[in-house]
Amino acid sequence: MYVYDLESKNPILAHTFLELSKRLSDTQGSIVSTDRAVADQAETQYRKYMEQWKTAVAEIRKVDGFSRFLLPPLYEDLKAAARHGPVIIFIASQYSCNAIIVPSSGEPHHVPLPSITLADLNDLKDRFTRAIRHASRMDPAVSRTDLIVLLRTIWDKIMLPIVNVLKNVLKLQRYSRIWLCPTAVFTSIPLHAAGPLKKSREDPSGMEPCLEDLYNCSYTPTLSALIRSRQMLKKRISPSFVAIGQSKPGAGQGKELLTVDSELDLVRELFPATANPTTLSGDGATRAGALEALRQNTWVHLACHGKQDHEQPYNSHFAMRDAPLTLLDIMEQDIPHAEFAFLSACHTAVGDETTPDEAIHLAAGLQFSGFKSVIGTLWVVDDALAKYIVEAFYEKIFEDLEDGGVVDCRKAARALNYATHIVKAKVPLEQRIVFIHIGV
């Protein structure tokens, strides 16, 4: 459990813990003072605050539901992340690469990945960066040979051993949901896009199934993040929707995005009228205006530049007209009813070797901020092509509303899988696999 969960049960105790934590942090800096008297006094004060902090933690652990506060979670608790489908954790080190499958029931399954090393993963990451850069300059109709070779490598060396366990050991049915939880350099590899990408032996007219032909894939940054998103989703209100777009961000925040306004119009038309969809763009799409829109709505579509700050992650931001809208800005807001965010046209620098990791962290940051379900992009999106996936996605996720269905962000993974398949004739490979789903 988190301290902000405690605020609803015991706000005084939560405030005491946060205040003591701040005092410990502030006092720690004075301990290294060159003034011996100041350092001694700070050390005495630090020990006093530490005892008070320990007492506060002990009191928190007496509160119902907080017995594991600040303690490592038990496997029985973490297993809740796999309630609606297995979670696969990817681990890379200089010694070996492995996967751990957390199933819906029973013990975890260890899957060694002996055909891939840490050096191989780093090489794969660099080759993907070059392949994506090269593909962006190619005619859409030309085969992405380099990219296909890399996706086959991911399939053969990483995903196939895992799929074998899912199919043959766990007996997981086709089209079930799975969650990918990459760590280290695995976060830079588009695991969801793995596949043999060759003609089927059984049916020469068809293709061998790729990972997303077998299962509906989502990502999660941690097991705890997924568990928390599901818990928060229980407190739902009537959906409301806003599309926020900024085609002309402030100075130094990126070039003009030519298709933002038409995308906002498209999205507003696709969203159900009962949710009172609104748009925020142009001069209205400021930092303050966007924050207010996030507070007032449960679903948000963002069409703008996005940038991950690797030195200061909380400064990762979306480019607005006047100033960047940072993750810290969003996390400081009270948006408990936030449900879904679609991050479209969130551009980064083409060819930046850290690009594959970028949008995952930006989208994951929104999940940590309270959004339970997020769609983000792994590298630069072609605005003119993204609209096809955006349109297909929203048509799919809202297709059953006229028959009594409800607006539900838990349908996002399946809707995205459908959208990326249905646009194959219009959208080249690298622009289909760029979109990922994170969360519930």
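Residues numbered from 1 in each chain as written. Predicted model: local features only at pLDDT ≥ 70, side-chain atom pairs only at ≥ 80, totals over all residues. Heavy atoms only, no water.

1. As for the overall build of the protein chain
So, step 1. Assigned secondary structure in the protein chain consists of 15 helices and 14 strands.
So, step 2. Relative to its length of 440 residues, the protein chain is compact, with a C-alpha radius of gyration of 23 Å against a globular reference of 22 Å.
So, step 3. Taken over the C-alpha atoms alone, the protein chain extends approximately 80 × 55 × 50 Å along its principal axes.
So, step 4. Looking at the protein chain as a whole, 50% of its 440 residues qualify as buried.
So, step 5. Counted over contacts in the protein chain with a minimum sequence separation of 6, partners at least 24 positions apart contribute 74%.
So, step 6. Within the structure as shown, the protein chain displays about 20,800 Å² of accessible surface, and the carbon and sulfur contribution to it stands at 52%.
So, step 7. With 48 positive and 52 negative side-chain charges, the protein chain shows a separation of 5 Å between the mean positions of the two kinds. (Helix = DSSP H or I, 4+ residues; strand = E, 2+ residues; numbered from the N terminus. Rg over C-alpha atoms; globule rule 2.2 N^0.38 Å. Buried < 20%, exposed > 50% of the residue type's maximum accessible area, 1.4 Å probe, protein only. Contact = heavy atoms within 4.5 Å. Areas by Shrake-Rupley, 256 points an atom, 1.4 Å probe, with all protein chains shown as cover. Lys, Arg positive; Asp, Glu negative; His and termini not counted. Charge placed at Lys NZ, Arg CZ, Asp CG, Glu CD.)

2. Quick notes on helix α10 (residues 287-296)
So, step 1. Listing the buried residues of α10 in full gives Ala290, Leu291, Ala293 and Leu294. The buried side chains of α10 occupy one side of the element, clustering within an arc of 160 degrees when seen end-on. The exposed residues of α10 that point more than 90 degrees off its buried face are Ala288 and Gln296.
So, step 2. Lining the buried residues of α10 we find β6 (241-245), β7 (278-280), β8 (299-303), β11 (324-326) and α11 (327-331). (Arc of directions from axis to C-beta.)

3. Considering the confidence of the model for the protein chain
So, step 1. Within the protein chain, residue pLDDT values average 88, and 94% of them lie at 70 or more.
So, step 2. Low confidence marks residues 347-360, where pLDDT is under 50. Its contacts with residues over four positions away, or in another chain, come to 42 contacts. (pLDDT = per-residue confidence, 0-100.)

4. Notes on the sheet that holds strand β9 (residues 306-307)
So, step 1. In space, the three strands of this open sheet follow the order β9-β10-β11, with antiparallel pairing throughout. Where the open sheet ends on each side, the last strands, each with one partner, are β9 and β11.
So, step 2. Of the strand pairs in this sheet, β9 and strand β10 (residues 317-319) are connected by two bridges, and their pairing is antiparallel. Looking at the pairing, Gly306 lines up with Phe318 of β10. (Pairing = 2+ DSSP bridges.)

5. Brief notes about the side chain of Thr220
So, step 1. Mapped onto the elements of the fold, Thr220 is located in the loop between β5 (216-219) and α8 (223-232).
So, step 2. On the accessibility criterion, Thr220 (2% relative accessible area) is buried.
So, step 3. Reaching out from Thr220, the side chain makes a polar contact with the backbone oxygen of Thr222 at a distance of 2.7 Å.
So, step 4. Sequence-distant contacts of Thr220, defined by excluding residues within four places in its chain, comprise Val87, Trp179, Leu180, Cys181, Pro182, Ala225, Leu226, Gln367 and Ile438. (Polar contact = N/O pair within 3.5 Å; in protein donor to acceptor, adjacent residues only side chain to side chain.)

6. Focus on empty space enclosed by the protein
So, step 1. The tally for this structure, following the rule as stated, stands at two cavities of 30 Å³ or more.
So, step 2. In this structure, the largest cavity spans a volume of roughly 80 Å³.
So, step 3. Around the largest cavity, the lining residues are His192, Glu212, Cys217, Ala413, Leu416, Asn417, Thr420, Arg432, Ile433, Phe435, Ile436 and His437.
So, step 4. Among the secondary structure elements, those contributing two or more residues to the lining of the largest cavity are α14 (412-422) and β14 (435-439).
So, step 5. Per-element accounting of the lining of the largest cavity gives the leading share, four residues, to α14. (1 Å grid on protein atoms, 1.4 Å probe; cavity = no way out; pocket = protein on both sides within 12 Å on 5 of 7 lines; lining within 4 Å. Points joined across faces, edges and corners; volume = space filled by probe spheres on them.)

7. A word on the environment of Thr326
So, step 1. Assignment of secondary structure puts Thr326 in strand β11.
So, step 2. The spacing of Thr326 and Gln308 is 18 residues in sequence and 9.6 Å in space, taken between C-alpha atoms.
So, step 3. Residues in contact with Thr326, not counting those within four places in the same chain, are Tyr314, Asn315, Ser316 and His317.
So, step 4. A polar contact is formed between the side chain of Thr326 and the backbone nitrogen of Asp329, at a distance of 3.0 Å.

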